[in-house]
Amino acid sequence: MAKDINNFEFDEATKLKLKIFGEAFQEWLPVFLHEQYTKEVFIYDFFAGSGKDSTGFLGSPLVLLDKAKGDKKKYCQTNKKQVHFIFNEAKKEKAEILKKNVTVHIEECKTKEGCGECVYNIEYTNSEFQDILLEPLVSKILHDKKIAKFILLDQYGFKEIGEDVFRKLASFPKTDFIFFIASSFIKRFKEHPNTTKFIPTSQIDFENRKPEEVHRAVAEYFKTLIPDNQEYYIHHFSIKKDSAPGNYYGLIFGTGHTYGMEKFLKTCWKIDEFSGEANYNIDNNFSHDSLFASLGENVKKARISKDIEAKILSGEISDNISGLKYAMKNGCEPKLFTHVVKELEKNNKIFCDANRNNTSTNIHKAKKYSIELKNET
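Report on the accompanying structure. Note on numbering: residues in each chain are counted from 1, in written sequence order. In view of the model being predicted, local features appear only for residues whose pLDDT reaches at least 70, and side-chain atom pairs are presented and counted only at 80 or more, with totals across whole chains, interfaces and linings using the full set of residues. Hydrogens and waters are ignored; side-chain quantities use all the structure's heavy atoms.

## Overview of the overall build of the protein
Only DSSP runs of H or I with at least four residues qualify as helices, and only runs of E with at least two residues qualify as strands; both kinds are numbered from the N terminus onward. Broken down by element type, the protein carries 14 helices and nine strands. Restricting the calculation to C-alpha atoms gives the radius of gyration, and the globule rule supplies 2.2 Å times the number of residues raised to the power 0.38. Taking 2.2 N^0.38 as the reference for a compact globule, 377 residues should give roughly 21 Å; the C-alpha atoms of the protein span a radius of gyration of 22 Å, in line with that estimate. Principal axes of the C-alpha set define a box for the protein whose edges measure 75 × 50 × 45 Å. Relative accessible area decides the class of each residue, using a 1.4 Å probe on protein chains only: under 20% of the type maximum gives buried, over 50% gives exposed, and in between gives partly exposed. Here the protein holds 377 residues, and the buried ones make up 51% of them. In the protein, the share of contacts with a sequence separation of at least 24, taken over all contacts with a separation of at least 6, comes to 69%. For accessible areas, the Shrake-Rupley method is used with a probe of radius 1.4 Å. Any residue's cover is judged against the shown protein chains and nothing else. For the protein, the exposed area adds up to about 18800 Å²; of that, 50% sits on carbon and sulfur atoms. His is not counted, nor are the chain ends, whereas Lys and Arg count as positive and Asp and Glu as negative. We put the charge of a Lys on NZ, of an Arg on CZ, of an Asp on CG and of a Glu on CD. Across the protein, the mean location of the 57 positive side-chain charges is 3 Å away from that of the 55 negative side-chain charges. The contact rule is simple, with two residues in contact once any of their heavy atoms fall within 4.5 Å.

Written out as structure tokens, the structure reads:
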């Protein structure tokens, strides 16, 4: 049986995971509070736990509620839309503790902030995850194009989110999701029947990957599940536990919208300025305090920049929108593409049409411009 982490103090890796959950949600929520085509917002925490660790450190349900206030209560005071939080915890005893912790948290918030009743709707469920997805009301909400959904799946291990569940999550409209997965355990027990019935490990390239790249390999497998004709974005963040050397876990994020991807990448690159995907030196960059720090080495950015440059010069990337998307699909913030374009312009290798004056890297705001090669003389 898995250890109940709520009965202990969260370790630093768990606290980092919760930080990413919270910051990603904080970036996500205002987008749909202000988006005119969204009628309601649903936030699902399907593995909610009891809400706190043994020291009172906030777990995912309370992190979400805390971030939902916004700075100086700007979200909960000005929002006019219905926002629903659904917290599911399958274990009844933990579910009861969760209700008490949420109630206390809201009362403390009202006292501290001087508010009346909480403007958000909070509901509790007590079901197994696989059963919830089959419930008619949940299914109706998840398929509704006018409802924005943020789904948090902090599962134990890896058995709850296999190919079928992942494909379902990626098919729901206006839905962003993040799930936790124990990648090292998948590799360690890759031939065990209890692993292969959930994850087809033969399709994951573990043999040519270093231990610190195991979560990256798992994330790449999930990317292959997206149909070629579906525009979809996947990013991942690897987490190494100092208390368990050799164990690498991680998060996988999915969204059907470029803005969602841009927001999540912003969160990840703020935490890891070298690769935007790990709490350790996954690509062997020089650290800031190393002898070679002044060289500005960034392995991932250099690799993706060279790739983008080659695709521009070959004509494969011929406009800014496809270039910005390509950068994001490779786990880099879209501004990396803009940097490559500027360098190629400076070196007199390309020229862009008049819309180049609009340098926005937000794809939903940027005006499309074409990129043409200059003839070599």
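Once you've had a look at it, read on.
## Considering unusual backbone geometry
The phi dihedral of K174 is positive, around 50°, even though this residue is not glycine. The topology assignment puts K174 in the loop between α7 (163-171) and β5 (175-181). Assessed through its relative accessible area of 24%, K174 is described here as partly exposed. Positive phi values are uncommon outside glycine, yet N348 reaches one of about 60°. Looking at the element boundaries, N348 is found in the loop between α14 (335-346) and β8 (350-352). Residue classification places N348 among the partly exposed positions, given a relative accessible area of 49%.

## Comments concerning the environment of P211
Mapped onto the elements of the fold, P211 is located in the loop between α9 (193-196) and α10 (214-223). Taking relative accessible area as the criterion, P211 reaches 45% and is therefore assigned partly exposed. For the pair formed by P211 and G22, sequence separation is 189 residues and the distance between their alpha carbons is 28 Å.

## Focus: the nonpolar core
One broad rule of soluble globular proteins: the nonpolar side chains tend to lie buried together. By nonpolar core we mean a set of buried residues, namely Ala, Val, Leu, Ile, Met, Phe, Trp, Tyr and Cys, connected to one another through side-chain atoms within 4.5 Å. By size, the foremost hydrophobic cluster in this structure holds 43 residues, and its most contacted members are Y44, L153, F179 and F222. In this view, F179 contacts L153, Q155, I161, F166, F222, G250, L251 and I252; residues no more than four positions away in its chain are not counted.

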